[in-house]
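Notes for the structure review
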Amino acid sequence: MFDLSGRAALVTGAGQNAGAGIARALAARGAAVAVNDLVPERAEAVSGGITASGGTAVPVAFDVTDLDAVREGVARARAELGRHVDILVHNAGIPADFGQGPFRTLAPGRWRGPVEINLFGAMNCVSAVVDDMCEAGWGRIVQISSGAARTGSDQGLSLYGAAKSGVEGFIRHLSQELAPSGVTANTLALGLQTNAAGDATEVFAAKIPTRRLGTPEDVGAAVVYLASPEASWMTGQTLNLNGGSVTT
Ligand SMILES: NC(=O)c1ccc[n+]([C@@H]2O[C@H](COP(=O)([O-])OP(=O)(O)OC[C@H]3O[C@@H](n4cnc5c(N)ncnc54)[C@H](O)[C@@H]3O)[C@@H](O)[C@H]2O)c1
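Residues numbered from 1 in each chain as written. Predicted model: local features only at pLDDT ≥ 70, side-chain atom pairs only at ≥ 80, totals over all residues. Heavy atoms only, no water.

Named according to an unreviewed UniProt entry, the protein is 3-oxoacyl-[acyl-carrier protein] reductase originating from Allonocardiopsis opalescens. Quoted verbatim from the Sequence similarities (unreviewed entry) field of the UniProt record, the comment on the protein reads "Belongs to the short-chain dehydrogenases/reductases (SDR) family." (UniProt positions renumbered as here; feature names shortened; annotations may be inferred.)

Here it is, written out as structure tokens:
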């Protein structure tokens, strides 16, 4: 079960935290993994860790918001792994300027960052891999989202929430178009992770029914399921992975 050997995966923003956990988990199930990050040293470190543990990985640094760079990076991954991308996990979602704060305080120049990386980043990556998946008759697209997509808060997350809601809608519609081709598309909406900074994280953790924040291993395990051959009837869904903090 959940055997990914013979498959190639591309994980964006995989140079640390959740993305690194996803890359390691997919590699542990046998996938050859293209480890993407904007920061080359991060991609190299995670890729090197996977190969040192006996897995197959290559670093492919590029900016997911730059369509030409994405196309070039996907071509490089294909050449170095010797196979087209069967599994895309678009995890990069935190831009350098997160655009956090009450909307009234955010200048228009800051509105695009979260939308560019989440929504256009997803479109860029999907467009670069989806034709190969459809032609092969098999593919898995996993989008990483957040509880902020569907639950309002007073934490200054309106731009981020808008971007995540947008990409959830994109994946939902995409799933309907791709299903007859054997390609699934799902979203994994995360609750607060251990790497989230701030004094409030302990307070938030205490309010989560499981009494802890999410880990890269939690995220990796869920992605392995969504990427697996066994998940062929799971498509168009948004799964919450949040320790029970939101149950609808
Ligand atoms: N951390 C949390 O508490 C939390 C909660 C809910 C959802 N999420 C989501 O989980 C995902 C991962 O979050 P994280 O906290 O692990 O992120 P992170 O910021 O720790 O790591 C993401 C990586 O993405 C890279 N990156 C940034 N911009 C990029 C770009 N344009 N192209 C390629 N790579 C880029 C960064 O260099 C970084 O290494 C994101 O989609 C985020 O929105 C995180």
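Observations concerning the pattern of salt bridges
Close approach of charged atoms allows side chains with opposite charge to pair. Per the stated rule, a full pass over the model turns up 8 salt bridges. Put simply, R7 and D86 hold a salt bridge, and the shortest N to O gap is 3.4 Å. Placement of the pair is R7 in the segment before β1 (8-11) and D86 in the loop between α3 (67-81) and β4 (87-90), with a sequence separation of 79 residues. For R7, a relative accessible area of 24% gives the class partly exposed. In this structure, D86 and R83 form a salt bridge, with 2.8 Å as the shortest nitrogen-oxygen distance. Its relative accessible area of 0% is what places D86 among the buried residues. One salt-bridge network, in which partners are shared between bridges, spans R7, R83 and D86. (Salt bridge = Lys/Arg side-chain N within 4 Å of Asp/Glu carboxyl O. Helix = DSSP H or I, 4+ residues; strand = E, 2+ residues; numbered from the N terminus. Buried < 20%, exposed > 50% of the residue type's maximum accessible area, 1.4 Å probe, protein only.)

Things to note about the environment of G93
Structurally, the position occupied by G93 is in the loop between β4 and α4 (112-136). Between the C-alpha atoms of G93 and S146, which are 53 residues apart in sequence, the distance is 9.6 Å. G93 has contacts with I117, N118, Y160 and K164, leaving out every residue within four places of it along the chain. (Contact = heavy atoms within 4.5 Å.)

Re the site of the ligand
In the region of the ligand, 28 residues are neighbours, and N17, D37, N91, Y160 and Q193 sit closest. In the environment of the ligand, a nitrogen atom lies 2.9 Å from a nitrogen or oxygen atom belonging to the side chain of D63. V64 has a polar backbone atom sitting 3.1 Å from a nitrogen atom of the ligand. In isolation the ligand has 840 Å² of accessible area, and contact with the protein removes 91% of it. Of all the secondary-structure elements, those providing two or more residues to the shell around the ligand are α1 (17-28), β2 (32-37), β5 (139-146) and α5 (158-178). (Near = heavy atom within 4 Å. Polar contact = N/O pair within 3.5 Å; in protein donor to acceptor, adjacent residues only side chain to side chain. Areas by Shrake-Rupley, 256 points an atom, 1.4 Å probe, with all protein chains shown as cover.)

What to know about the packing of aromatic side chains
Throughout the structure, instances matching the rule amount to 3 aromatic pairs. Ring centres of F2 and Y225 lie 6.0 Å apart, and the angle between their planes is 80 degrees; this geometry places the pair in the edge-to-face category. One end of the pair, F2, is in the segment before β1; the other, Y225, is in helix α7 (residues 216-227), with 223 residues separating them in the sequence. For F2, a relative accessible area of 25% corresponds to the partly exposed category. A relative accessible area of 29% means that Y225 is categorised as partly exposed. (Phe/Tyr/Trp six-rings, centres within 6.5 Å; stacked < 30°, edge-to-face > 60°.)

Description of α3
With 15 residues, α3 extends 21 Å from end C-alpha to end C-alpha; this agrees with the ideal 21 Å at 1.5 Å per step. Of all the positions in α3, only A69, V70, G73, V74, A77 and L81 are classed as buried. Seen along its axis, α3 keeps its buried residues to an arc of 135 degrees; they face one direction. When the buried face of α3 is taken as reference, the exposed residues oriented beyond 90 degrees from it are D68 and A79. Here the buried face of α3 lies against β1, β2, β3 (56-61) and α4. The N-cap residue of α3 is D66: its side-chain oxygen and the backbone nitrogen of D68 are 3.1 Å apart. Just past α3, the residue G82 takes up positive phi, approximately 70 degrees. (Expected span 1.5 Å × (residues − 1). Arc of directions from axis to C-beta.)

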